[in-house]
Amino acid sequence: MTKVYFQVNVPIRSSVQPGRYGLHVLTGPADSWSEALRIARETCDTAAAAQRAGFPIPRRRPDGWGARGLRPGWVFDWPAATVDAWEHDGMFRTGGSSPFRRDGCAW
């Protein structure tokens, strides 16, 4: 299957300052939206574990995914995450000629 770049938007909230909310955005190539969500979560979990252990957050993985800018004390709402394929520019695709659309493709 052709890989395309996906954007995973994960709502976040501060556990320290109630009422503060935000969005953490991750991007990278995947075969499907479900794989993109899995990789994004795995990438965030790895980065958060490194941060908790006092190590620097890992740079971009060989597959292109990375989780820079994690904020201590912020909680990810993974069930509310959304995933979309980048459709605005063909240069983000890693193969093939047409992007996937979550609403137009049987995943």
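This structure is a prediction, so every number in the text was calculated from the model and none was measured.

> Please explain the pattern of salt bridges as it appears in this structure.
Side chains bearing opposite charge may pair, as long as their charged atoms lie close to each other. Within this structure, the stated rule accounts for four salt bridges. Where R61 meets E42, a salt bridge forms, and the shortest distance between an N and an O atom there is 2.7 Å. One end of the pair, R61, is in the loop between helix 1 (33-52) and strand 3 (74-76); the other, E42, is in helix 1, and 19 residues separate them in sequence. A salt bridge links D63 to R61, with the nearest nitrogen and oxygen atoms 2.5 Å apart. Exposure remark for D63: the relative accessible area of 31% places this residue in the partly exposed category.

> I keep staring at the side chain of S32 and nothing clicks. Help me out?
Residue position: S32 is located in the loop between strand 2 (21-30) and helix 1. Of the residues examined, S32 reaches a relative accessible area of 14% and is grouped as buried. A polar side-chain atom of S32 sits 3.2 Å from the main-chain amide nitrogen of E35.

> Would you mind showing me how to read helix 1 here?
Because each turn of an α-helix spans 3.6 residues, side chains separated by three or four positions end up pointing in the same direction. Taking 1.5 Å of rise per residue, the 20 residues of helix 1 would be expected to cover 28 Å, and the 28 Å separating its terminal C-alpha atoms lies within 8% of that figure. Among the residues of helix 1, those classed as buried are E35, A36, I39, A40, T43, C44, A47, A48 and A50. The elements touched by buried residues of helix 1 are strand 1 (4-14), strand 2, strand 3 and strand 4 (82-85). Residue G54 follows helix 1 closely and has a positive phi angle near 85°.

About the cut-offs
- Residues numbered from 1 in each chain as written.
- Predicted model: local features only at pLDDT ≥ 70, side-chain atom pairs only at ≥ 80, totals over all residues.
- Heavy atoms only, no water.
- Salt bridge = Lys/Arg side-chain N within 4 Å of Asp/Glu carboxyl O.
- Helix = DSSP H or I, 4+ residues; strand = E, 2+ residues; numbered from the N terminus.
- Buried < 20%, exposed > 50% of the residue type's maximum accessible area, 1.4 Å probe, protein only.
- Polar contact = N/O pair within 3.5 Å; in protein donor to acceptor, adjacent residues only side chain to side chain.
- Expected span 1.5 Å × (residues − 1).
- Contact = heavy atoms within 4.5 Å.

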